[in-house]
Amino acid sequence: MGDKWEDNNMVLANSFGRVIDTSNFTTRYYKKMLVAAGIDRSVKFHDLRHTHATLLLLQGVNVKVVSERLGHTRNVGTWTTKASISVAKHNLGTATLNGNLYAIGGSYWNRLSNSRTFLSDVTVYNPDTNVWTLVANLPTALEGCATIAVNGKIYIFGGNTTNILKTVLEYDPVTDIWTAKADMPTARTCAEAVAINGKIYVIGGASTVALSNVEVFDPITNIWTTKVNMPTARTQFTLAVVRDKIYACGGCGGFGTNFFNAVEMYDPDTNNWIVKASMPTARAAHGAMVNDMIYVIGGTSRWTSNSAVPLNVVEQYNPITDIWTTMANMPTARFYEGVTVLNNIIYAIGGCTGGTLGDDYVKTVEAFMPPVVIPINLTATAGDSQITLYWTVASGATSYNVKRSTTAGGPYTTIVTNVPGTSYLDTTVANGTTYYYVVTAVDSDSNESANSNEASATPQAPSGHGLLRITMNDSSEREYELSLTEIDDFVTWCDRTVGTGSSLYVFDKTYNVGEFKSRKEYLLFEKIISFEVVQLTK
């Protein structure tokens, strides 16, 4: 339809590229397509969809990718339920160390005494056995501590009991002992902590108001230093490190007020904060990082007179593209749960589901398996009987699969698996044919991502001719008029390490042969100083 065509990325469209009117799809479009394809007119459209899916699966395409192609769903991750913790609570600290997960402290509202109960218990989760066990209690029962594991130890910062704390504790899993370290400069609760290069950054939190303080602790020297404040003072938020940059996402401006969707990035090298794309959902929520992707999970965005309204929303942030994407909802909506990562799986532990007085606490533990990151920026560059592919690294990928088709949009056939890097040279192509490629990422558990963007190229044989001028080490010159293919062959022969490859290059001379069968000139690699290529226009 020329300039009237609208490319809306549809599998089936009308002659203008727009949505087909489903009321007459069968009679006006589908039956005609069956006849044109030589297929029996009794075959149903739904049957062809399943046949298409079957063929893809037989080609080894991941089932999640097939599901996405059929339009059933995109890969938004999966949730599973794990063994519950022993006490229903919220505002607990979490950390992972030596393949185990730690749940530290927390609190709940005691209905019998009509008061808050602070907890000192520390429990350890083994993912292999799905069992929680107790280890040494905290010296002080508390909630809202910031936690992080560094150099084989767990560190907790601040928190609160009846008072806001500035204490710092170090836990050694070998001795099962808690040791006091240098106090924080600023007392605070519900702050967040991350580590970069062995230094621990404690950021935000609250005292009587939300804080923006950034303080750095060196576990080796036991010394604190102060950095530039975060632009947005916040508490109950997500803090994560991606490629040595710190990202602060969401949170609230106090205890249940002013919920934020602001995202700010801190660069330790420049001691500077930069504003990034806002979260879709403003909320106070905790999160975690997996494979350079940040996930913000659950939380709350509204308080009633006595309680917060829990959320089950999960949103993924890609720091490379600065884009947010909605993931699979958490099964149990809750706020102020503990969130941590173990073996690239995100665990949501405990929390509060609301209740009349905000006192419905849960023991629930749910685990989220994020989708494999999709490779981006795939490009295809054609050469003579070859096409070179490049793409951007997909975080968490251990290898890549390359797929090819001679039809735009596929279906694609996998031509190579287990590609270790982010480039591939395809030499199994024919000049003059256009090829369409996609790439998928594969993680350590053999999970495969959805397809990357499609890239296409058409290999062509070189055309034209040129002059090759070669300067020898005795200052003499040789000049040859050759095809561009012959010149490329010479350049390839020269472009190598000394001591490798053939020491001689042979030129076939087709002129002044006379009575001889052939004329050949041999050049020694070690005698060549330089060469010049001049492409001729005629």
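Residues numbered from 1 in each chain as written. Predicted model: local features only at pLDDT ≥ 70, side-chain atom pairs only at ≥ 80, totals over all residues. Heavy atoms only, no water.

Peer 1: Which residues make up the overall build of the chain, and what values go with them?
Peer 2: Across its full length, the chain holds 4 helices and 39 strands. If you take every contact in the chain between residues at least 6 apart in sequence, the share linking residues at least 24 apart comes to 51%. Counting every atom, the chain has about 26100 Å² of accessible surface; 50% of that belongs to carbon and sulfur. (Helix = DSSP H or I, 4+ residues; strand = E, 2+ residues; numbered from the N terminus. Contact = heavy atoms within 4.5 Å. Areas by Shrake-Rupley, 256 points an atom, 1.4 Å probe, with all protein chains shown as cover.)

Peer 1: I'd like a rundown of the packing of aromatic side chains, residues and numbers included.
Peer 2: One pass over the structure, following the stated rule, counts 25 aromatic pairs. Ring centres 4.9 Å apart and planes at 40° place the aromatic pair tyrosine 171 and tryptophan 178 in the tilted group. Tryptophan 178 matches tyrosine 171 in its accessibility class, with the two residues each being buried. Counting every residue linked through ring pairs, the aromatic cluster contains Tyr480, Phe490, Trp493, Tyr505, Phe507, Phe525 and Phe531. (Phe/Tyr/Trp six-rings, centres within 6.5 Å; stacked < 30°, edge-to-face > 60°. Buried < 20%, exposed > 50% of the residue type's maximum accessible area, 1.4 Å probe, protein only.)

Peer 1: Outline the pattern of salt bridges, supporting the account with residue identities and numerical values.
Peer 2: Under the criterion given, the structure shown has 14 salt bridges. For arginine 404, the salt bridge is made with aspartate 426, and the minimal N-O distance between the two is 2.7 Å. Of this pair, arginine 404 sits in strand S30 (residues 399-405) while aspartate 426 is found in strand S32 (residues 423-426), placing the two residues 22 residues apart along the sequence. The exposure classification of arginine 404 matches that of aspartate 426, with both residues buried. Among the ionic pairs, aspartate 508 bridges to lysine 520, the shortest N-O distance being 2.5 Å. Highlighted residues: aspartate 508 in strand S37 (residues 504-509) and lysine 520 in strand S38 (residues 519-524), separated in sequence by 12 residues. What you see here is one network of salt bridges that share partners, running through Arg469, Glu479 and Glu532. (Salt bridge = Lys/Arg side-chain N within 4 Å of Asp/Glu carboxyl O.)

Peer 1: Please provide a residue-by-residue account of the sheet that holds strand S36 (residues 477-483), values included.
Peer 2: Either a parallel or an antiparallel arrangement is found when strands of a sheet pair, and the pairing is made through backbone hydrogen bonds. On the basis of which strands lie adjacent, the open sheet formed by 3 strands has the order S36-S35-S39 and antiparallel pairing. A strand with exactly one partner marks an edge of an open sheet, and here the two such strands are S36 and strand S39 (528-535). On average, each strand axis in the sheet is inclined to that of its neighbour by 20°, with strand direction left out of account. With 7 bridges connecting them, strand S35 (residues 465-472) and S36 associate as antiparallel partners. Note on S36: the bridge partner recorded for arginine 469 is glutamate 479. Helix-sheet contacts for helix H4 (residues 484-494) involve S35, S36 and S39, and the interaxial angle to S39 is about 155°. (Pairing = 2+ DSSP bridges. Axes fitted to C-alpha atoms, helices over the stretch in contact; angles between N-to-C directions.)

Peer 1: Tell me about unusual backbone geometry, residues and numbers included.
Peer 2: Omega for the bond connecting glycine 410 with proline 411 falls within 30 degrees of zero, at 10°, which places this linkage in the cis form. Structurally, proline 411 is set in the loop between S30 and strand S31 (413-419). One non-glycine residue with positive phi stands out, namely arginine 243, at about 50°. Here arginine 243 lies in the loop between strand S16 (238-242) and strand S17 (245-249). Note on arginine 243: relative accessible area 47%, which makes it partly exposed. With a phi angle near 65°, asparagine 344 is a residue other than glycine that sits in the positive phi range. With respect to the helices, strands and loops of the structure, asparagine 344 is situated in the loop between strand S25 (338-342) and strand S26 (345-349).

Peer 1: Tell me about the side chain of glutamate 366, and name the residues and values.
Peer 2: Along the chain, glutamate 366 falls in strand S27 (residues 365-369). A polar contact is formed between the side chain of glutamate 366 and the side chain of arginine 334, at a distance of 2.7 Å. Each residue touching glutamate 366, except ones within four places of it in the same chain, is listed here: Trp79, Thr80, Thr81, Met330, Pro331, Thr332, Arg334, Ile346, Tyr347 and Ala348. (Polar contact = N/O pair within 3.5 Å; in protein donor to acceptor, adjacent residues only side chain to side chain.)

Peer 1: Let's hear about the state of the cysteines: which residues, and what values?
Peer 2: Here a disulfide denotes one covalent bond, and it connects the sulfur atoms of two cysteines. For the structure shown, the criterion picks out 0 disulfides. Here cysteine 190 stays unpaired: no disulfide links it, and the sulfur of cysteine 252, its closest cysteine neighbor, is 8.2 Å away. With relative accessibility at 7%, the residue cysteine 190 sits in the buried group. (Disulfide = S-S within 2.5 Å.)

Peer 1: Please provide a residue-by-residue account of the pairing of strand S12 (residues 192-196), values included.
Peer 2: Burial of S12 is extensive: 4 of the 5 residues sit out of reach of the surface. As paired strands, S12 and strand S13 (residues 199-203) are joined by 5 bridges and run antiparallel to one another. Its bridge partner lying in S13, isoleucine 196 is registered against lysine 199. In this antiparallel pair of consecutive strands, S12 and S13, the connection spans 2 residues, and asparagine 197 shows a positive phi of 55°.

Peer 1: Give a description of the nonpolar core that names residues and reports values.
Peer 2: If you look at the biggest cluster of nonpolar residues, it comprises 35 residues, and the most contacted ones within it are Ile346 and Tyr437. It is strand S33 (residues 435-442) that contributes the most residues to this core, 4 residues altogether. Residues Ile104, Ala136, Leu138 and Tyr171 belong to the second largest nonpolar core, which totals 16 residues. (Core = buried A, V, L, I, M, F, W, Y, C linked by side-chain atoms within 4.5 Å.)

Peer 1: Could you give me a rundown of the environment of proline 219, with the residues and numbers involved?
Peer 2: Examined against the element boundaries, proline 219 turns out to sit in the loop between strand S14 (214-218) and strand S15 (223-227). Those residues in contact with proline 219 that sit more than four places away from it in its chain are Tyr155, Gly198 and Ile200.

Peer 1: For the pairing of strand S29 (residues 387-392), give the residues involved together with the corresponding values.
Peer 2: Here strand S28 (residues 376-382) runs beside S29; their pairing, made up of 5 bridges, is antiparallel. Opposite threonine 381, over in S29, you have threonine 388 as the bridge partner. Taking the residues that link successive antiparallel strands as the turn, the S28-S29 hairpin has 4 residues, and the phi of serine 385 there is positive, at about 60°. Pairing between S29 and S32: 4 bridges, direction antiparallel. Paired with threonine 388 across the two strands is leucine 425, which belongs to S32.

Peer 1: I'd like to hear about H4, residue by residue, with values.
Peer 2: Among all positions in H4, only Leu484, Ile487, Phe490, Trp493 and Cys494 are buried. Taken together, the buried residues of H4 touch S35, S36, S37, S38 and S39.

Peer 1: Account for the environment of aspartate 508, with residues named and values stated.
Peer 2: Of the residues examined, aspartate 508 reaches a relative accessible area of 54% and is grouped as exposed. As a C-alpha pair, aspartate 508 and glutamate 521 span 13 residues in sequence and 6.7 Å in three-dimensional space. Apart from the residues within four sequence positions on either side, aspartate 508 is in contact with Arg519 and Lys520.

Peer 1: Lay out the side chain of threonine 235 with the relevant residues and their values.
Peer 2: On the secondary structure map, threonine 235 appears in the loop between S15 and S16. In terms of polar contacts, threonine 235 uses its side chain to reach the backbone carbonyl oxygen of cysteine 190, at 3.0 Å. If we skip the residues at most four places from it in the chain, threonine 235 touches Thr189, Cys190, Gly205, Ala206, Gly251, Cys252 and Gly254.

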